[in-house]
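# Structure at a glance
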Amino acid sequence: MKLDVITGYREYLAPAPVTEAELVRFLSDASHTVRLASVGWSPRPEQPFDASFALGRNNSRESAVDLLLEYLVDSHGDNDRVAVLLPTEALLQMNLPKKGGQSGGEFIARAAELLGPQHVRLVRLSLSQNSRDVVRTLGRMAGATQVGPAPSGGLETIELEARSASGSLSPYSVMTRNYTQVVLSLCERLVRDKLTFTGAGRVEFVVNEMSKNNLSIRPDLTVDRILETLEPGGEIFELLSRPFATAGSLTP
Amino acid sequence: MTTLSILLPHYNDPKGFELSLRSIEAQTWKGSREIVVCDDGSRPKELADLERICSSTRETVKLLRNEKNRGRPYTRNVLLDAADGKYTAWLDSGDEWYPEKIQQQLNGLYRARHQGFDKVVWCTTNYDWQWAGAKKRIRKQNVDGDQLGNMLTGSLGAYLWTILGTTQSFRDVGHFDLQLTRLQDLDFFIRFLSKDGMLILPPTDEPLVVYHKSDIGKNGEEISRCFNYVLDKHSAHLFTRSRRFRRNRRYHVNMHAARFTDNNDESLQTAMYLGRAALNSPVAFVRHMVRNKGRL
């Protein structure tokens, strides 16, 4: 069995919830040979495609990660390519062992040990060309925004106006402590509502001392960095054709 | 290593076998599997048909043969010895699995492990019961509380074709009792539960198997003998229960045998078993007859 671990469907496609049907369609469009693993014994039956429960604490003496991997091997043939979903990329490195669980990185490492590293790859969901354009424009405008104390709350705020096909203007506002999430959430909303960002709206990017600290924790999360990782073309549900990390690079 | 061995005894019923085989082919579960078939001394024509059907499928089929008819428990022992899979499931010629059967039961086994069950478990399932020419009726398996008691009262059916478990767990129970030409699976289940085994249900309540039931050609006396043999063999379990419970089990045996003889038009035998049942438990007998308007 070959395993794809797909991350980011919740992180990058939020706030619009992704339905099971969309995920299955997206995956079958991306590849006819990949089968999305539905984990029928998941303690969260409403989310049978979400494998992140295996990273948390469980009642068994057996490791939940080992159980999930054994289940996948038992459920599929030797030549099947199977995809499991981790909703956020952060799960790959999150320090869950302190809470009695395991990280996504350990999941990948264990899978590589069991199946062979050449049979495990890590992929992330990507954004469409339209969304890339929005990110690019936002990035350009954000680069010229005022940086100063926020009026309250210590959160970054981006506001913009987008024009619909009928010409009406819709204000958007997102508040979050994570710049990547701001930009990508906005992209998703634009795509979801079938709006085109004109670039003529108002963008304010206010950073106070607190959020500066947050940004400094992840200095790699620049717009350029985001753009680098995005691939062009396709629908919003688009699988990168190549892995952005190998199993080996995540082995602890 | 094969993940699943599907064990299928066969005797003079190639049509029934083909029906069962098609239901295996339609499974949504796509792991590696082998079908192990043991022909129990069928007539040459039926054996030839069986071989033709086995060669027509894309499934991996291992066909074994008893040189002469040795009976169901012997054949099941041959099958169990030949199983190579990590898991074992059973099916009888003429019965069918629904497409989700194996996947759902595998889900059940893993859910139990994730929840930390410290017992050996077999995953059973609700099933459809279909008399020849009649509509299907769903039979719910009662796995709550005293499973051995439920099995003896019939609210938990002891049918191998409902079960998925590890091959090792079946081997740990031992061989099927050769004395039991009928009901060898009831004895097998009781031994499993006596060894602290446990039956669980899969995550779905939907029936996953259909049992095509017919009493035609089955010997009521044989049923009665085997049922009483099982009760005597496991009398230690019966004696931990009330006198009424024990009396009702004997009543149940006689009513069961009466149904078989009645369906085979053996009036004298039917009257004898009904008489015995009435003596075992007059109240239950009258209640049954009133509720079923005199039908068995």
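Residues numbered from 1 in each chain as written. Chains lettered and ligands numbered in written order. Predicted model: local features only at pLDDT ≥ 70, side-chain atom pairs only at ≥ 80, totals over all residues. Heavy atoms only, no water.

### Looking at the packing of helix α3 (residues 72-82) of chain B against helix α7 (residues 184-194) of chain B
Residue and element names in this part refer to chain B. α7 packs onto α3 with a crossing angle of 50 degrees between their chain directions and a minimal axis gap of 10 Å. Here α7 runs oblique to α3, going by the angle between their axes. Contacts between α3 and α7 involve Arg72, Pro73, Arg76 and Leu80 on the former and, on the latter, Gln184, Asp185 and Phe188. Residues belonging to the contact of α3 with α7 are distributed by class as follows: 3 nonpolar, 1 polar and 3 charged. (Axes fitted to C-alpha atoms, helices over the stretch in contact; angles between N-to-C directions. Helix = DSSP H or I, 4+ residues; strand = E, 2+ residues; numbered from the N terminus. Parallel < 35°, antiparallel > 145°, perpendicular 65-115°, else oblique. Contact = heavy atoms within 4.5 Å. Nonpolar A, V, L, I, M, F, W, Y, C, P; charged D, E, K, R; others polar.)

### Concerning the packing of aromatic side chains
This model, assessed by the stated rule, comprises 21 aromatic pairs over all chains. Taking 5.1 Å as the distance between ring centres and 75 degrees as the angle between the ring planes, the aromatic pair formed by A:Tyr71 and B:Tyr110 counts as edge-to-face. Remark: B:Tyr110 occurs in helix α4 (residues 101-114) and A:Tyr71 occurs in helix α2 (residues 64-75); the pair is interchain, linking two chains. You'll find A:Tyr71 and B:Tyr110 in the same group, each marked buried. With a centroid separation of 6.2 Å and 55 degrees between ring planes, the pair formed by B:Trp129 and B:Tyr159 is classed as tilted. Within this pair, whereas B:Trp129 is found in strand β7 (residues 127-131), its partner B:Tyr159 is found in the loop between α5 (147-153) and β9 (164-166), the two being separated by 30 residues in sequence. One aromatic cluster in this structure is built from B:Trp90, B:Trp122, B:Phe170, B:Phe176, B:Phe188, B:Phe189 and B:Phe192. If you follow B:Arg76 out to its NZ or CZ, it ends over the ring of B:Phe176, 5.9 Å from the centre. For the cation-ring pair, B:Arg139 lies above B:Trp129, with the distance from its terminal atom to the ring centre recorded as 4.0 Å. (Phe/Tyr/Trp six-rings, centres within 6.5 Å; stacked < 30°, edge-to-face > 60°. Buried < 20%, exposed > 50% of the residue type's maximum accessible area, 1.4 Å probe, protein only. Lys NZ or Arg CZ within 6 Å of the ring centre and 35° of its normal.)

### Things to note about the packing of helix α10 (residues 243-263) of chain B against helix α11 (residues 267-280) of chain B
Residue and element names in this part refer to chain B. Where α10 meets α11, the axes come as close as 8 Å, and the angle between the chain directions of the two elements is 165 degrees. When the axes of α10 and α11 are compared, the pair comes out roughly antiparallel. As for how α10 packs across α11, the hand of that crossing is left-handed. Listed contacts from α11 to Arg247, Arg250, Tyr251, Asn254, Met255, Ala257, Ala258, Thr261 and Asp262 of α10 are Gln269, Thr270, Tyr273, Leu274, Arg276, Ala277 and Asn280. Split by residue class, the contact of α10 with α11 holds 7 nonpolar, 5 polar and 4 charged. (Left-handed = near helix turned anticlockwise from the far one by under 90°.)

### Things to note about the interface of chain B and chain A
The partner chain A presents 19 residues to the 19 residues of chain B that form the contact. Taken together, both faces of the contact between chain B and chain A bury some 1,500 Å²; the carbon and sulfur share is 50%. Looking only at chain B, the three residues that lose the most surface to chain A are B:Tyr110, B:Arg113 and B:His114, adding up to 46% of its buried area. Where chain B meets chain A, there are 4 salt bridges. The shortest N-O distance in the salt bridge between B:Arg113 and A:Glu70 comes to 2.9 Å. The leading source of residues in the side of chain B that touches chain A is α4(B), at 7 residues. Residue composition of the side of chain B that touches chain A, grouped by class: 5 nonpolar, 9 polar and 5 charged. (Buried area = accessible area lost by both parts, 1.4 Å probe. Salt bridge = Lys/Arg side-chain N within 4 Å of Asp/Glu carboxyl O.)

### A closer look at the environment of A:Arg44
Residues and elements named next belong to chain A. Among the secondary structure elements, Arg44 is positioned in the loop between β2 (34-36) and α2. Considering only alpha carbons, one finds Arg44 and Leu91, 47 residues apart in sequence, at a separation of 17 Å. Excluding residues within four positions of it along the chain, Arg44 makes contact with Asp50, Ser52 and Phe53. At a separation of 3.3 Å, a polar atom in the side chain of Arg44 contacts the side chain of Asp50. Within the structure, Arg44 has its side chain in polar contact with the side chain of Ser52 (distance 3.0 Å). (Polar contact = N/O pair within 3.5 Å; in protein donor to acceptor, adjacent residues only side chain to side chain.)

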